Amino acid sequence: MSEPVMRERASAASAGAASEASAARPMRPSLALLRKDLLLERRAPEAVPAMLLFSITTFVLFHFGLGRDEVSGQLAAGVLTVTLLFAAILGINRLFVSEQEEGGFDGVLLAPIDRTALFIAKAAALFVFLALVEVVAVAAFAILLLGPSPWPALPGLLLILTLLNTALAVVGTLVSALAIRTRARDLIVPIVALPLLVPALIAAARLAAPLFAVGGADALPTKWLAVLALYDLVFGLLAYAVFDFLLED
Amino acid sequence: MDATPAIELRGVGRRYGERWALDDVSVAVPAGATLVVFGPNGAGKSTLLRVLATLLRPHGGEAHVLGEPLPEREWAVRGRVGLLAHEALLYRDLSARENLRFHARLHRVAESRVEELLERMHLRGRADDPVRTLSRGLLQRVAVCRAVLHDPPLLLLDEPRANLDPAAAELIEPLIGRTSGRTRVVTSHDPAGGLAEADLALGLRDGRVALSAPAREVDLAAVEELYR
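None of these values were measured; they are calculated from a predicted model.

A. How the structure looks around the overall build of chain A. Assigned secondary structure in chain A consists of 11 helices and zero strands. Secondary structure elements of chain A occur, N-terminal to C-terminal, as α-α-α-α-α-α-α-α-α-α-α. A total of 249 residues make up chain A; the buried ones form 48% of that total.

Here is the structure:
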């Protein structure tokens, strides 16, 4: 055995023990996987530009389709959240493609890591991609469609988007992992993900509606805040429980 | 060579849908030995390697790899196996160095090991180029680095010398050849070359064992017959 490997593994009684140790600490491999995904997206941008272009195009279509220069209240909240949801589907579709198309998936599965690490990394990557898209997409929404000033709504909107992105990332990662081994991946993702995300969409739209009120941003309705937070918690725990099984052949 | 089997398969089967890609395969490979698997395309060689690598679960029989039963303790086998498959298992838009560093982090191996392997494989000059720009031969060398990065005791090698010129084949020999001292399962379409490096020979046809014997007892003609 070469020296660096021996040095790294000296504390482990066996390779099996090393596997157990890795399994107990999913954060380190998660960070390595996340870093790799971000590097791949930076090197060959796919998901973020596609989601961004889709969002802006949809806002333009709404602008002309609704025949209105400005939207507010529930309509504005609905247009924003539905657009982000559909844009997220593009990112979810691409989430595991780099693993599958580039043959790296088997390399990751052969590593002595808890597969939860892969879930955490993929969900975190999707969260980051969505956040990057939203920086531009929300600005475009405010310019193209939103009637009231966006500034008072920003703190509340930040909280809503954080919770919505968590829901999209958790459910999206689960569905993407489910779909990646099927031939009809592009069909399965929207068919499975959209119904699962309906509660999150309703809660986010209801939450955002008062922020876009004509008279200025109102307080967030705590009931819908709790619903969205609970959704994240439940699906987060569910994903933790079932993700391993989704990756089995 | 240790007498303890590093691999022990008893009646192992694996199917894809209704078709059995492996059917009733039994073989025992002592630690440190080399098993060479022969057979025409579609005989089940790659499926056998993927079962041993824990990437596919057996659908029948009993399988022990490195003393661990599969699939019950497959997590204890991961990280102790080096797989060199037909695909390089590398990310095309990352460089050789980035790919190897990524795998080093997953396997908790020091990055100095990456540099050591790049040096040994004469890859330093191209280490920062995206692997999609590398020739098949160079790509195979990077794949070899990835397979042995964590110094696994068991190597699963799917036609490891494909795409390599003689000099490159010589270069990888200390890492994945007989002299590496590891237990090896090697698939081959070269009867004479395969038998020369084998301790044990296994011939597969339509997923079933057609030949299983110590290599020194196997007639070259019997291996060639598998391909007719």
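B. Structural detail: the environment of Thr187(B). Residue and element names in this part refer to chain B. With respect to the element layout, Thr187 can be found in strand 8 (residues 183-188). Residue Thr187 is classed as buried on the basis of its 24 C-beta neighbours within 10 Å. Sequence separation of Thr187 and Val37 is 150 residues, and the distance between their C-alpha atoms is 4.6 Å. In this view, Thr187 contacts Val37, Lys45, Ser46, Leu49, Asp158 and Glu159; residues no more than four positions away in its chain are not counted.

C. Layout of unusual backbone geometry. Residue and element names in this part refer to chain B. Omega for the bond connecting Leu70 with Pro71 falls within 30 degrees of zero, at 5 degrees, which places this linkage in the cis form. Examined against the element boundaries, Pro71 turns out to sit in the loop between strand 5 (68-70) and helix 2 (74-77). At Leu89, a residue that is not glycine, the phi angle is positive and equals roughly 60 degrees. Tracing the sequence through the fold places Leu89 in the loop between strand 6 (81-84) and helix 3 (96-106). Phi at His122 takes a positive value of approximately 55 degrees, unusual for a residue other than glycine. Residue placement: His122 occurs in the loop between helix 4 (111-120) and helix 5 (136-148). Accessibility expressed as a C-beta count within 10 Å gives 13 for His122, which makes it partly exposed.

D. Fine view of the sheet that holds strand 9 (residues 200-205) of chain B. All names here are of chain B. One open sheet holds the six strands; their spatial order is 6-7-8-3-9-10, and the pairing between them is mixed. Sheet topology places strand 6 and strand 10 (208-214) at the edges, where each strand pairs with a single neighbour. Neighbour-to-neighbour, the strand axes of this sheet turn through a mean angle of 15 degrees, independent of strand direction. Pairing of strand 3 (residues 34-38) with strand 9, which is carried by four bridges, proceeds in the parallel orientation. Along strand 9, the bridge assignment pairs Leu35 with Leu200. Its contacts with the sheet put helix 5 on strand 6 and strand 7 (154-158), and the angle it makes with strand 6 is roughly 165 degrees.

E. Representation of the pairing of strand 10 of chain B within the structure. All names here are of chain B. Where strand 9 lies against strand 10, six bridges are found, and the strand directions are antiparallel. When the sheet's bridge partners are listed, Ala201 is paired in strand 10 with Ala213. In this structure, the hairpin formed by strand 9 and strand 10 is closed by a connection of two residues, where Asp206 is found at a positive phi of approximately 50 degrees.

F. Inspection of the nonpolar core at higher detail. In terms of nonpolar packing, the biggest core is built from 155 residues, with Ala167(A), Ala208(A), Val142(B), Val144(B), Leu156(B) and Val185(B) touching the most fellow members. Leave out the neighbours within four places in its chain, and Val144(B) touches Leu84(B), Met121(B), Ile172(B), Leu175(B) and Ile176(B).

G. Spotlight on the sheet that holds strand 2 (residues 19-30) of chain B. All names here are of chain B. Spatially, four strands are ordered 2-1-4-5 in an open sheet, and the strand pairing comes out antiparallel. Strand pairing shows two members of the sheet lacking a second neighbour, strand 2 and strand 5, which therefore form its edges. Neighbour-to-neighbour, the strand axes of the sheet open up by a mean angle of 25 degrees, direction not taken into account. As paired strands, strand 1 (residues 5-16) and strand 4 (residues 60-65) are joined by five bridges and run antiparallel to one another. Looking across to strand 4, one finds that Arg10 is bridged to Glu62. Here helix 1 (residues 45-52) sits on the sheet and contacts strand 1, strand 2 and strand 4; the angle it forms with strand 2, its principal contact strand, is near 60 degrees.

Conventions we followed
- Residues numbered from 1 in each chain as written.
- Chains lettered and ligands numbered in written order.
- Predicted model: local features only at pLDDT ≥ 70, side-chain atom pairs only at ≥ 80, totals over all residues.
- Helix = DSSP H or I, 4+ residues; strand = E, 2+ residues; numbered from the N terminus.
- Buried ≥ 20, exposed ≤ 12 C-beta atoms within 10 Å, placed from the backbone.
- Contact = placed C-beta atoms within 7 Å.
- Pairing = 2+ DSSP bridges.
- Axes fitted to C-alpha atoms, helices over the stretch in contact; angles between N-to-C directions.
- Core = buried A, V, L, I, M, F, W, Y, C linked by C-beta atoms within 7 Å.

None of this, on its own, says anything about what the molecule does.
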